[in-house]
Amino acid sequence: MNKRQKITYFQSISCWLCDSISESGDKRYIHRLLKENIDQRELIIHELILIVQKAHDDARYRLRKLSGNSLDPFESVPTIDPSDGYPELLHIQTLKGYFGEIFAGIIAENLAPFGLDDWEVPVFLFRFHLVEFQQLEFLNQTGEIAKKRPGRTGDDCLAFRRNSQGEILASLICEAKCTASHDSTMLAEAHIKANAPNKYPVDLPQIIEILQDYNDDLASKWRNELQLFQLNIKLNKVEQNYERYDLVSYICGQHPVRKNTWLSPDKVHEKYIVGRKLEAVEIHLNEVENLVKTVYSQQKSSHLSTNITPQIVKQANGSEVAQAKSDVIVKGESLQNEMSQPSEEVIALAAELQNSLAGRKLTPAIAKLYSQHTRLRAGQEGLIGWREDEAGERLNDAVRLIEAAFIQREVGDDNWRNGMLRAGELLEWLSHPQLNPDLLPIRLLAAAVYELAGYPARSTGLLNEETNEGIESEILRSLLKADFPSLLQRLTEYWATASSTSQAETSLLWDDPDKASNRFNEWIVRETASSLGILCAKMRWGSESRLDRAIEKLSDIAKVLLHGHDTYSWLLGKLCAEVTSVYVETSLRHHLEGLSQMITQNGRNFLERYLRQSYQNRKALAWRSQICGIEKLATAESFALCTPTGSGKTTRLSQSNYGKII
């Protein structure tokens, strides 16, 4: 592993802030007071501005990517940077929140919390504050002044300690607050959040997702190490000496008069009772809001750049290292990610997870689920020994298998489909209404996983069963059944309704969180419908230049949902994006292109009619056995196709006849 690198290296911080530390008698609580030397502010302000601007580079990249991937065939190339105004146009309350989170990272990497000087912040998570991205678009369109919006959910800032092999030894979960005047309620809220019982950070998937967008060595190493950490968590193999540390960072512009600190220097806050090691940091600054406005007032160039500013990180010895970022995606471009493959340890753990849950024999816990499902499906009483929490445990098993399967697929392990198949079975058994009281989209998840595993008949059969009306999306049901005529009809019905609704809405109503949430959901549905409409066009007529962008858009939507409150909506979005790619690769049109080049124009006309008839008959996709037959037909040589009954031999015969007759 390279020497430790800091993305928030702050060389002048000791000149600006006076640092004093005290601790409790049991040494588990540390109080740190940082008091500003106002005379030094002018000397450090430029360095602080660079740190803040750099922390938001990833969010700017994400804004450009989302805005630059338009599916409108008549839209011109954008002439301005879609990230203009980010984040300086946002409400001061939002900017104070951002500043507080960045300052928590500065503390972690520069002030050695708990006496440990090797904490590292891999990334900041600002790209997931979607309500502010929406508001920015509204502000740019209307010129209005920003309003206060809900804060970003999840961890405010995360730092980690790694050993010389890159293994995660500890995590530092930071709760950050920033206020112009003292607020005891805000302090209590910070300690309540820090008091959470989870031993591991909740935002590991989000950090890994960010790192996947970059192809430099530092990002690749972090991604591998965090994936390994995540798999070890799921296999209960995390090192016994791993420890979670908590940090509360409180920036306040109002200084106490009768005492030196707002928090007790030797007694932990009453709302923090979990018993882990806690460091509470008070930062007493002057004119906090003016400082925040100053660091966020630095304007960027207004021209549309195709590159993110190179990130300068600092080595432990203070030397600079430039880490180049991937190209920013603008209209018509796609991110070319040439990341290194997962490490051998990650691959081995993924295989171990699959072997433990998807072997030839069902584990006792999975067999118990199958028995419970079978009894309930037959209208019988459930198992006497069935516990309510077992459904949630098996659902977690299914998600773990899916994650492991994607890792195995990435490295070319042909066994990845076995894990997907077992995950599909678990989800199918969990989809019974009595095992799914929270009405999660489990049946749709099962259908999507079956499609990826190469069992489309199971997917269709599962979705053909009756369900309570309104529980599942009819658009996604049609998609996962590969019923493109029905999907197109559903999309047409949606657009007929959506068009009339959108014309009546003239404001984003940012002061109403419920309505804003509804508008966000509408945006997700609208972008999904646009992408699926292009898929239908491809399946029906063939040529569609926007198809790659549509698939990328579906993937982006899944990433947007990653930081939402419903984990399974993100997973469903990701799986549907994967299924869409599978459909494109297995479409009859795609595989008959070679055959069409071997026949006359008249023959191609007949073949086009055949393809459109197949589309209408819900047979636009080719099964694996049929694909093998098509490949042999294209060679114009004799061959024997031996596959089981119902595997599509008749379809191949009809295609062969087209080639012979025409």
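Given the structure is predicted, the values throughout are model-derived calculations rather than measurements.

**Q** Let's hear about the packing of helix 8 (residues 217–234) against helix 12 (residues 389–410): which residues, and what values?
**A** Contact pair helix 8 / helix 12: the axes reach a minimum separation of 11 Å and the direction vectors enclose 145°. Our pair here, helix 8 against helix 12, has a crossing hand that is left-handed. In contact with Arg223, Gln227, Leu231 and Lys234 of helix 8, helix 12 contributes Arg400, Glu403, Ile407 and Glu410. Grouping the constituent residues of the contact of helix 8 with helix 12 by class yields 2 nonpolar, 1 polar and 5 charged.

**Q** Give a description of the pairing of strand 2 (residues 17–23) that names residues and reports values.
**A** Side-chain direction in a regular strand flips from residue to residue, so the side chains alternate between the two faces of the sheet. Sheet topology note: the strand 2/strand 3 (residues 29–36) ladder contains 7 bridges and is antiparallel. In the sheet register, Asp19 faces strand 3, and the bridge partner there is Leu34.

**Q** Go over the confidence of the model for the protein chain with me, naming the residues and quoting the values.
**A** Looking at the protein chain as a whole, its pLDDT mean stands at 82, while 81% of the residues score no less than 70. A low-confidence stretch, residues 299–339 stays under pLDDT 50, and its non-local contacts, those more than four residues away or across chains, total 113 contacts. Predicted confidence for residues 658–662 stays below pLDDT 50, and this span has 7 contacts to residues more than four positions away or in other chains.

**Q** Kindly report on the nonpolar core, identifying the contributing residues and their values.
**A** Ile402, Met420, Leu427, Phe484, Leu575 and Tyr583 are the most contacted members of the largest nonpolar core, which totals 78 residues. By size, the runner-up hydrophobic cluster in this structure holds 55 residues, among which are Ile51, Ile106, Trp119 and Ala170.

**Q** An account of the pattern of salt bridges is requested, with residue identities and associated values reported.
**A** Considering all chains together, one arrives at 37 salt bridges under this definition. Between Glu465 and Arg377 there is a salt bridge; the shortest N-O distance is 3.3 Å. On the criterion of sequence distance, the pair formed by Glu465 in the loop between helix 15 (456–464) and helix 16 (474–480) and Arg377 in helix 11 (residues 364–377) is long-range, its members being 88 residues apart. Overall, Arg377 belongs to the exposed group, its relative accessible area being 54%. In this structure, a network of salt bridges that share partners links the residues Lys368, Arg387, Asp389, Glu390, Glu393, Arg394, Asp397 and Arg400.

Reading the values: rules and limits
Residues numbered from 1 in each chain as written. Predicted model: local features only at pLDDT ≥ 70, side-chain atom pairs only at ≥ 80, totals over all residues. Heavy atoms only, no water. Axes fitted to C-alpha atoms, helices over the stretch in contact; angles between N-to-C directions. Helix = DSSP H or I, 4+ residues; strand = E, 2+ residues; numbered from the N terminus. Left-handed = near helix turned anticlockwise from the far one by under 90°. Contact = heavy atoms within 4.5 Å. Nonpolar A, V, L, I, M, F, W, Y, C, P; charged D, E, K, R; others polar. Pairing = 2+ DSSP bridges. pLDDT = per-residue confidence, 0-100. Core = buried A, V, L, I, M, F, W, Y, C linked by side-chain atoms within 4.5 Å. Buried < 20%, exposed > 50% of the residue type's maximum accessible area, 1.4 Å probe, protein only. Salt bridge = Lys/Arg side-chain N within 4 Å of Asp/Glu carboxyl O.

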